[in-house]
Amino acid sequence: MFLSNVTVFMPPVLTLIGIPGLESVQCWIGIPFCAMYIMAMIGNSLLLFIIKTEPSLHEPMYIFIGMLGVTDIVIDTSIMPKMLGIFWFHVSEIYFDSCLFQMWLLHTFQCIESGILLAMALDRYVAICYPLRHATIFTYKLVVQLGTVVILRATILSAPCIFLIKYRLQFYHTTIISHTYCEHMAVVKLAAENIKVNKIYGLFVAFTVIGFDLTFITFSYSQIFVTVFHLSQKEARLKAFNTCIAHIFVFLQFYLLAFFSFFTHRFGSHIPTYIHILFSSIPPFLHPCHPP
């Protein structure tokens, strides 16, 4: 490895320091995170088992819920063991390639989760606005096609981020990442070279995925609320509202925290780093079971 006064050439190992400013209490912070991780694993595993073994739940909405459960398990497991290793055992080093793989895995499944939330919104839109046509529109074939498109979109959009870092950024100011896991901008900011292309592509992916999905989710639920308000029976309105409110809570939780982390990396220099890291670490553990 070639060293100069200010740069490191292609570091084989990076160092995750956890939560800057809270190093002395990280061992205690790890306890609630571990508890949330265990609850998330148990909750999502139980959810998947119930959906798989109960034939009456083999419907589009429950299939999407099961897919969300899988994404949560993958995201949680991709970051939690290393995070606890940092908090409890001070195992902070991570191989550069392992860091990039963790980053790709995390962002890919976050994109997948966003796509599944959009599919759920479209399913609710058809179920409430066109109830008589729901069974003919949202067939098992369509669910498989939507799932395939969501996975392919996430995989294709996330892959260039890895190659842009691996083969474009050669020199680094430091090998220390002020985070609990490898995140795109956290890694890119280490580089001593021009990172404009990496930033632009990150913005492109974020606005392509979140912008597209959130636009259609908002449109779907605006149409749903219009339809619900015109229902004549009070019980039917309440039932539809209960379903919608539960879904909207999940949507808001996912997108608000995603936007917070995204904009804090780029424009939130005045926000304490430990606040940013704590909030960006919350999403994978916040919803172990999703509402039907």
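Just so we're clear, the structure is a prediction, and the values are computed from it rather than from any experiment. (Residues numbered from 1 in each chain as written. Predicted model: local features only at pLDDT ≥ 70, side-chain atom pairs only at ≥ 80, totals over all residues. Heavy atoms only, no water.)

1. Overview of the overall build of the chain
If you tally the helices and strands in the chain, you get ten helices and five strands. By the compact-globule yardstick of 19 Å for 292 residues, the chain fits well, its C-alpha radius of gyration being 21 Å. C-alpha extents for the chain along the principal axes are approximately 75 × 40 × 35 Å. Going through the 292 residues of the chain one by one, you find that 47% of them count as buried. Pairs at least 24 residues apart make up 78% of the contacts formed inside the chain by residues separated by at least 6 positions. Counting every atom, the chain has about 14,700 Å² of accessible surface; 72% of that belongs to carbon and sulfur. Positive and negative side-chain charges of the chain, numbering 15 and 13 respectively, have mean locations separated by a distance of 8 Å. (Helix = DSSP H or I, 4+ residues; strand = E, 2+ residues; numbered from the N terminus. Rg over C-alpha atoms; globule rule 2.2 N^0.38 Å. Buried < 20%, exposed > 50% of the residue type's maximum accessible area, 1.4 Å probe, protein only. Contact = heavy atoms within 4.5 Å. Areas by Shrake-Rupley, 256 points an atom, 1.4 Å probe, with all protein chains shown as cover. Lys, Arg positive; Asp, Glu negative; His and termini not counted. Charge placed at Lys NZ, Arg CZ, Asp CG, Glu CD.)

2. Some words on the packing of helix 3 (residues 96-129) against helix 7 (residues 196-229)
In contact at an axis separation of 9 Å, helix 3 and helix 7 are set at 20 degrees when each is read in the N-to-C sense. When the axis of helix 3 is compared with that of helix 7, the two are roughly parallel. Between helix 3 and helix 7 the crossing geometry is left-handed. From helix 3, Cys111, Ser114, Gly115, Leu117, Leu118, Ala121, Leu122, Arg124, Tyr125, Ile128 and Cys129 reach across to helix 7, where they touch Val209, Phe212, Asp213, Phe216, Ile217, Ser220, Tyr221, Gln223, Ile224, Thr227 and Val228. Here the contact of helix 3 with helix 7 is composed, by residue class, of 15 nonpolar, five polar and two charged. (Axes fitted to C-alpha atoms, helices over the stretch in contact; angles between N-to-C directions. Parallel < 35°, antiparallel > 145°, perpendicular 65-115°, else oblique. Left-handed = near helix turned anticlockwise from the far one by under 90°. Nonpolar A, V, L, I, M, F, W, Y, C, P; charged D, E, K, R; others polar.)

3. Some remarks on helix 2 (residues 60-89)
If you check helix 2, its first and last C-alpha atoms are 43 Å apart, about what 30 residues at 1.5 Å a residue would give, namely 44 Å. Along its length, helix 2 reaches its greatest deviation from straightness, about 30 degrees, at Met80, and the proline Pro81 lies no more than four positions downstream. Two residues or fewer past helix 2, His90 is found with a positive phi of approximately 55 degrees. (Expected span 1.5 Å × (residues − 1). Bend = angle between axes of the 7 residues up to and from the residue.)

4. Details of the UniProt feature "domain: G-protein coupled receptors family 1 profile" (unreviewed entry) in the chain
According to UniProt, the "domain: G-protein coupled receptors family 1 profile" (unreviewed entry) feature falls on residues 43-256. Span residues 43-256 is 79% helix and 3% strand, its end C-alpha atoms 23 Å apart. (UniProt positions renumbered as here; feature names shortened; annotations may be inferred.)

5. A word on the state of the cysteines
By definition, a disulfide links the sulfur atoms of two cysteines through a covalent bond. Scanning the entire structure with this criterion turns up one disulfide. A sulfur-sulfur distance of 2.0 Å marks the disulfide that ties Cys99 to Cys182. Judged by the torsion about the S-S bond (-120 degrees), the Cys99/Cys182 disulfide is left-handed. In this pair, Cys99 is assigned in helix 3 and Cys182 in the loop between strand 5 (176-177) and helix 6 (184-188), connecting sequence segments 83 residues apart. (Disulfide = S-S within 2.5 Å.)

6. Digging into the nonpolar core
In this structure, Leu117, Ile165 and Ile177 are the most contacted members of the largest nonpolar core, which totals 78 residues. Counting residues per element, the ones that place at least two in this core are strand 2 (13-16), helix 1 (26-53), helix 2, helix 3, helix 5 (140-166), helix 6, helix 7 and helix 8 (234-267). Beyond its immediate sequence surroundings of up to four residues, Ile165 is in contact with Phe96, Leu100, Met103, Tyr172, His184, Val187, Val188 and Asn198. (Core = buried A, V, L, I, M, F, W, Y, C linked by side-chain atoms within 4.5 Å.)

7. So, the pattern of salt bridges
Tallied over the entire structure, the rule returns three salt bridges. Salt-bridge contacts for Asp123 lead to Arg124; the nearest nitrogen and oxygen are separated by 2.9 Å. Overall, the relative accessible area of 17% leaves Arg124 in the buried class. A salt bridge links Asp213 to Arg153; the nearest nitrogen and oxygen atoms lie 2.9 Å apart. Pair noted here: Asp213 is in helix 7 and Arg153 is in helix 5, with a separation of 60 residues, a long-range link. Here the two residues Asp213 and Arg153 agree in accessibility, since each one is buried. (Salt bridge = Lys/Arg side-chain N within 4 Å of Asp/Glu carboxyl O.)

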